[in-house]
Amino acid sequence: MLQGARHAHINALNSAANELEMEIKVFELRKDTDLLESDPHVIILPGGESTTMRLIGNGTNSQLLPELFKWMRNNPNNPVMGTCAGAILLSDPQDGGGKIVDVQVNRNGYGGQSESFQSIVNSDLIDGEFLGVFIRAPRFSSIGPKSIPVVSHDGEIVGVRTNNRIALTFHPELSNDNSFHKWLLSKALGVSS
Ligand code: GLN
């Protein structure tokens, strides 16, 4: 909840849980203590501005980001989804540890706000097509050996997966389609943290 399109993720999660007939509890994480007290099964890092997220999340009042990356390394089986700015953070945590998703990212890879667009993407994770919303989106410049491509747009990779961690360069929470959230929740079944 540091910044960005986070409420839309909560709505998408709730509707996905409803369709899957799962009961979920959503925790809003703003500080390190929020994470330590909730110990969730799944984490979502929303889109927004990665620079702002880093400033707030590494600040003394929050300290959420370093705790979050530590948690992800300590709980390698728990599903994580990073969208847009969230994907940038997963690829480059800047906390002295390794990447959470093994990919190299170019921020604002398509250009500025005027180059934002919507277009159909394809993914095997959700069995088909999805309307991708790309807002000052990053672009993957190289995919590391621990990642596999999971979403493509016009022949270009726009989503990758390292274990159950996915980094998407678009905003799946803004499409009125909760397929990626359903994938995430389905991966959480059976994982205890
Ligand atoms: N351009 C933003 C960044 O660098 C990401 C944009 C987004 O999340 N919609 O963090």
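Sequence order as written defines the numbering, with residues in each chain counted from 1. For this predicted model, a pLDDT threshold of at least 70 governs which residues receive local features, and a threshold of 80 or more governs which side-chain atom pairs are given and counted, while totals over whole chains, interfaces and linings are taken from all residues. Excluding hydrogens and water, the side-chain figures rest on all heavy atoms present in the structure.

1. Quick word on the overall build of the chain
Condition: Numbering of helices and strands runs from the N terminus, with a helix taken as a DSSP run of H or I at least four residues long and a strand as a DSSP run of E at least two residues long. Atoms counted for the radius of gyration: C-alpha only. Globule rule: 2.2 Å times the number of residues to the power 0.38. Exposure classes here rest on a 1.4 Å probe applied to the protein chains alone. A residue is buried below 20% of its type maximum, exposed above 50%, and partly exposed in between. Here a residue-residue contact requires only that any non-hydrogen atoms of the pair lie within 4.5 Å. Each accessible area is a Shrake-Rupley estimate made with a 1.4 Å probe; only the visible protein chains count as cover when residues are assessed.
The helix and strand inventory of the chain stands at six helices and nine strands. Since a compact globule built from 193 residues should have a radius of gyration of about 16 Å, the 15 Å found for the chain is in line with a globular shape. Overall, the C-alpha framework of the chain stretches about 40 × 40 × 30 Å when taken along its three principal axes. Sorting the 193 residues of the chain into buried and exposed places 48% on the buried side. If you take every contact in the chain between residues at least 6 apart in sequence, the share linking residues at least 24 apart comes to 69%. Summing over all exposed atoms, the chain offers an accessible surface of approximately 9200 Å²; the carbon and sulfur share of this is 44%.

2. Structural notes on the nonpolar core
Put simply, the rule reads: Throughout, nonpolar core names a set of buried Ala, Val, Leu, Ile, Met, Phe, Trp, Tyr and Cys residues whose side chains join them through atoms within 4.5 Å.
Counting residues in hydrophobic clusters, the biggest one holds 25 residues, and the most contacted among them are Leu35, Ile43, Leu45, Leu68, Met72 and Leu90. For this core, the secondary-structure elements that each account for two or more residues are strand 1 (43-45), helix 4 (64-74), helix 5 (85-91) and strand 3 (103-106). With six residues, helix 4 is the largest single contributor of residues to this core. With near-sequence residues (within four places) excluded, leucine 45 lies in contact with Leu68, Met72, Val80, Met81, Gly82, Thr83, Gly86, Leu89 and Leu90. Core analysis: the second largest hydrophobic core is formed by 20 residues, Met81, Cys84, Leu168 and Phe180 among them.

3. Here's the deal with the pairing of strand 7 (residues 148-153)
A regular strand carries its side chains on alternate faces of the sheet. Rule in force here: Strands qualify as paired when DSSP identifies two bridges or more between them.
With two bridges connecting them, strand 4 (residues 117-123) and strand 7 associate as antiparallel partners. Across the sheet, the residue bridging to asparagine 122 is serine 152, located in strand 7. Strand direction decides the pairing type here: strand 7 and strand 8 (residues 156-162), joined by five bridges, are antiparallel. Within strand 8, the residue paired with isoleucine 148 across the bridge is arginine 161. Once strand 7 ends, the chain turns through two residues before running back antiparallel as strand 8, passing aspartate 154 with a positive phi of about 55 degrees.

4. A word on the site of the ligand
Basically, it comes down to this: The rule for a residue being near a molecule or strand is that one of its heavy atoms must lie within 4 Å of it. In protein, a polar contact requires one atom able to donate a hydrogen and another able to accept it; more generally it is a pair of N or O atoms within 3.5 Å, and residues adjacent in sequence count only if both atoms are side-chain atoms. Gly falls in the polar group here, along with every residue not listed as nonpolar (Ala, Val, Leu, Ile, Met, Phe, Trp, Tyr, Cys, Pro) or charged (Asp, Glu, Lys, Arg).
Gly47, Gly48, Glu49, Ser50, Cys84, Ala85, Ile88, Arg107, Asn108, Ile135, Arg136 and His171 make up every residue found near the ligand. Residue glycine 48 places a main-chain N or O atom 2.8 Å away from an oxygen atom belonging to the ligand. For the ligand, whose free accessible area comes to 300 Å², the fraction covered by protein is 99%. The residue inventory of the shell around the ligand, partitioned by class, reads four nonpolar, five polar and three charged.

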